[in-house]
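Analysis of the macromolecular model
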Amino acid sequence: FESRFVSIFCFSTTQVVEAAVANSMLWLLVGCVLAVDVGCVWSVATPSETSEDARELGEALEAGDECRAGSSDSGQQSCGLSAVQLRGQRRSHLGTESGYEAAPAHKFGWMQSERCAGTELHELAFVVRPRSLAQLQEVALDRTNPCSPNYRKWLSRTEVSDLTRNEQGLLELRAHLRAHAPEAAILHASRDGDLLRVRAPVATWESLLSTEFFVYKHEEHNSTILRSHSYLLPGALKEHVSGVLQAINFEQFLPKTMPGIDLNTGSRDTQQPLFSAMSWDNFTELQASKGPSLVSPTKLHKIYNMPAVAERGSDLAKMQAKTSQVVFGTINEHWSPSDRTRFEEAFGIPQDNYVKQLSGQTEGFSMSGDAFCRQNSSHCGEANLDVQYMMAMSPWTQIGYWYVPHGRPVSFVDDFMAQLVDEDHPPQVISISYGMPESQVPSAALDLFECLAMKLTLQGTTIVVASGDDGAGSTLDAQECMGLRVEWPSSSKWVTSVGATVGPASGQPEVVCQSNYTGPSTDGEAPLITSGGGYSHKVPKPAWQEGIHNESSRGVPDLSLLGHNFAMVIGGRWRSVDGTSASAPVLGGMLSLINSELIAAGRPTVGFLNPLLYATSSKSIFSDVTEGDNRCASLGAPCCGGYDAGPGWDPVTGLGSIDWQKLRDAIMASQF
């Protein structure tokens, strides 16, 4: 394993640094000067800053150091990936321009076996670059800038497509495949031509991509996949194709809910949540057992200063019914209609609105089932939590559960994100409670997600994502210390990343939700998770975070909400759960309520929230969280290092928690 990895990355540190500097020129952000009364000054990343970052990387590699040179402000630890992993990160990032990309070092239990038979069929997905990425970014930044005259002037789907569709690139890709891979069969092309899914014999892909495919086996899950060590795009495709999916990626999404626990051994199952056998017949019994720290929709409305639920048939309810929100689901996660009904009855939430079952290319595929959830509660926790709490915050909003069968990046970007972009009227709010370590994400998938998220942004959609449940180390640190890194897609520049806190439910100060905390804010019961946060190793600092922190990359989360001891119904039984995936759908439902007021006033939807959140004038929205850290993984171990919460933004709880009424007032007071 070790020698195989080294053979992939046989190039000098000088080459890494030179390439990193060249690549950093692509990271220039569109600058703009904003009005003083808003106080949101965006600046441009300069070549000297990115060159310094490359120099520090070079020093770290030469020294074999396991920490990136330098440190962040406030004395926060900035120790990240190991030197070898950093080298891989930079080399992988270069792949988007050079056409080369290598598999990650950590393969999550997948072990290489025999070479693939050349005749075996395998599907790959080619990611086509947008016609003008720079123009797309410029327009997206302009339409989300609170100080721009174009703020929240969203585009139609056709206008977005006209801005980005690379017809020439798509034609050249098809022509190249016809000429050099005549056995290839095109299975699917996204409506905007962002992604082309193609099946061909392995021998064809090995010849086309200068690689070798192997069978990889996972003994624990008794499954196999076909993957390669690396690939190199043909020179003729580099201009229009950013990369290939299903060639080097091994990881799949994990839900950001309470990690799995075996009650006999106390061990963790990292592949799915397995909820505690402790359950109760009704909410009253659960409340008596869990005490005042138990979170319910009623408490959330009070803590975050939210309005009462609109009465059935009222003008307000009709107004809210004109909004839309979607929950993302995958990896066999079901939701239960009867569980949702029982949950809503307990808190006086109207049951008139029903969850629409949505799915990507498997149209009509349903992942709801009452009997299934009674028999398999471990496969219903994430979906039930998302549906129950997003509806609880905005019960009259039209809601969909969008399921994709496979939790791998290609399914996420194609069957979910690309499908939503293809909609003439995409949902106004999307909540994603899944993630994977950013270091495991193929550059092509990351680049495509950024492009698709910008497209949705330009159509007025808000994307909220759970920041993760394993502190500053992501799920890679759940078993052993492997360095600091963030979760994806929480690290995207075009989503609002949501962390978790504890405290206000029991009338105590709000602190970080962390698995090694047993203070008064949790009634002495330590949370099962630690809120994720830190700095990206792949995504450069967004314009709206300039002046917020001293790192050169995207910092997460953006804000935090309660994420411990949420009451919910799974399989007909009441339980309590932890997770940033409780925090994310709560924020999503809050934003749907604000969207209803905007739509009623004939104004555009909220859309991308972050530029407004980071504006100086928005500081009154937040309650700063200054106590706690994210050094430990879920279940309290291992503790591999991380960051401290502190005044202002920090890579633990972001800007803090929000007051809904103040957030609503700030959005309604903006110029559009």
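Report on the accompanying structure. (Residues numbered from 1 in each chain as written. Predicted model: local features only at pLDDT ≥ 70, side-chain atom pairs only at ≥ 80, totals over all residues. Heavy atoms only, no water.)

**Some details on the overall build of the protein**
From N to C terminus, the protein includes 19 helices and 26 strands. By residue count, 64% of the 672 residues in the protein fall in the buried class. For the protein, the exposed area adds up to about 23000 Å²; of that, 50% sits on carbon and sulfur atoms. (Helix = DSSP H or I, 4+ residues; strand = E, 2+ residues; numbered from the N terminus. Buried < 20%, exposed > 50% of the residue type's maximum accessible area, 1.4 Å probe, protein only. Areas by Shrake-Rupley, 256 points an atom, 1.4 Å probe, with all protein chains shown as cover.)

**With respect to the environment of arginine 131**
In this fold, arginine 131 is placed in the loop between β3 (121-128) and α5 (133-143). For arginine 131 and asparagine 166, which are 35 residues apart along the polypeptide, the C-alpha to C-alpha distance reads 4.5 Å. Beyond its immediate stretch of four places on either side in the chain, arginine 131 contacts Asp162, Leu163, Thr164, Arg165 and Asn166. Of the polar contacts made by the side chain of arginine 131, one reaches the backbone oxygen of aspartate 162; its length is 2.3 Å. (Contact = heavy atoms within 4.5 Å. Polar contact = N/O pair within 3.5 Å; in protein donor to acceptor, adjacent residues only side chain to side chain.)

**Brief notes about the nonpolar core**
Grouped together as the largest cluster of nonpolar side chains are 124 residues, with contacts concentrated most on Phe416 and Phe566. Examining the composition of this core, we find that 11 residues originate from one element, helix α16 (residues 443-458), more than from any other. Val128, Leu177, Ala200 and Phe250 belong to the second-largest nonpolar core, a separate cluster that totals 31 residues. (Core = buried A, V, L, I, M, F, W, Y, C linked by side-chain atoms within 4.5 Å.)

**Considering unusual backbone geometry**
In the segment running from tryptophan 488 into proline 489, the intervening peptide bond is cis, with an omega of 10 degrees. Inspection of the secondary structure assignment puts proline 489 in the loop between β17 (487-488) and β18 (496-502). Going from valine 556 to proline 557, the amide bond is cis rather than trans, its omega being 0 degrees. Locating proline 557 in the fold gives a position in the loop between β21 (553-556) and β22 (559-562).

**Here we look at helix α6 (residues 157-164)**
Turning to α6, its buried residues are Arg157, Val160, Ser161, Leu163 and Thr164. Buried positions in α6, seen along its axis, are confined to an arc of 160 degrees and lie on one side of it. At its buried positions, α6 is contacted by α5, α15 (409-422) and α16. (Arc of directions from axis to C-beta.)

**Here we look at the sheet that holds strand β2 (residues 111-115)**
With antiparallel pairing, 3 strands are arranged side by side in an open sheet as β2-β6-β7. Single-partner strands in this sheet number two, and they are β2 and β7 (223-228). When strand polarity is set aside, the average angle formed by the axes of neighbouring strands in this sheet is 40 degrees. Here 6 bridges tie strand β6 (residues 213-218) to β7, and the two strands are oriented antiparallel to one another. Among the inter-strand pairings, tyrosine 216 is bridged to a residue of β7, identified as isoleucine 225. (Pairing = 2+ DSSP bridges. Axes fitted to C-alpha atoms, helices over the stretch in contact; angles between N-to-C directions.)

**Topic: the packing of aromatic side chains**
Taken as a whole and assessed by the stated rule, the structure comprises 22 aromatic pairs. Ring geometry for phenylalanine 343 against phenylalanine 347: centres 5.2 Å apart, planes inclined by 65 degrees, an arrangement best described as edge-to-face. Classification of phenylalanine 347 by relative accessible area gives buried; the value is 15%. When the centroid spacing of 5.8 Å and the interplanar angle of 65 degrees are considered together, the rings of tryptophan 544 and phenylalanine 608 count as edge-to-face. Residue tryptophan 544 is found in the loop between β20 (534-540) and β21, and its partner phenylalanine 608 is found in the loop between α17 (580-600) and α18 (610-613); the two are separated by 64 residues along the sequence. (Phe/Tyr/Trp six-rings, centres within 6.5 Å; stacked < 30°, edge-to-face > 60°.)

**A look at the pairing of β6**
Across the 6 residues that make up β6, a large majority, 5, are buried. Sheet analysis places β2 next to β6, joined by 3 bridges and oriented antiparallel. Its bridge partner being in β6, methionine 111 is matched across the sheet by lysine 217. In sequence, β6 turns back onto β7 through a hairpin of 4 residues, with asparagine 222 there showing a positive phi of about 50 degrees.

**Description of the environment of glycine 589**
Here glycine 589 lies in helix α17. For glycine 589, a relative accessible area of 0% puts it in the buried group. When the C-alpha positions of glycine 589 and isoleucine 430 are compared, they lie 9.6 Å apart, and in sequence the two are 159 residues distant. When residues no more than four places from it in sequence are discounted, the contact partners of glycine 589 are Gln325, Met390, Met393 and Ser394.

**Thoughts on α15**
The first and last C-alpha atoms of α15 sit 18 Å apart over 14 residues, in line with the 20 Å expected at 1.5 Å per residue. Across the 14 residues of α15, 14 count as buried, placing the element largely inside the fold. (Expected span 1.5 Å × (residues − 1).)

**Overview of the sheet that holds strand β9 (residues 241-245)**
Read from one edge to the other, the open sheet built from 4 strands follows the order β4-β5-β3-β9, with strand pairing classed as antiparallel. On the outer flanks of this sheet lie β4 (185-189) and β9, each paired with one strand and no other. Put simply, the sheet's adjacent strands are angled 25 degrees from each other on average, direction ignored. In the sheet, β3 pairs with strand β5 (residues 195-201) via 7 bridges, with the strands oriented antiparallel.

**Here's the deal with the packing of α17 against helix α19 (residues 660-669)**
As a packed pair, α17 and α19 sit with axes 10 Å apart at the nearest point and diverge in direction by 40 degrees. Both α17 and α19 take part in a crossing whose hand is right-handed. Judged by residue contacts, Met590, Leu591, Leu593, Ile594, Glu597 and Leu598 of α17 engage Trp660, Leu663, Arg664, Ile667 and Met668 from α19. For the contact of α17 with α19, the class distribution of residues is 9 nonpolar, no polar and 2 charged. (Left-handed = near helix turned anticlockwise from the far one by under 90°. Nonpolar A, V, L, I, M, F, W, Y, C, P; charged D, E, K, R; others polar.)

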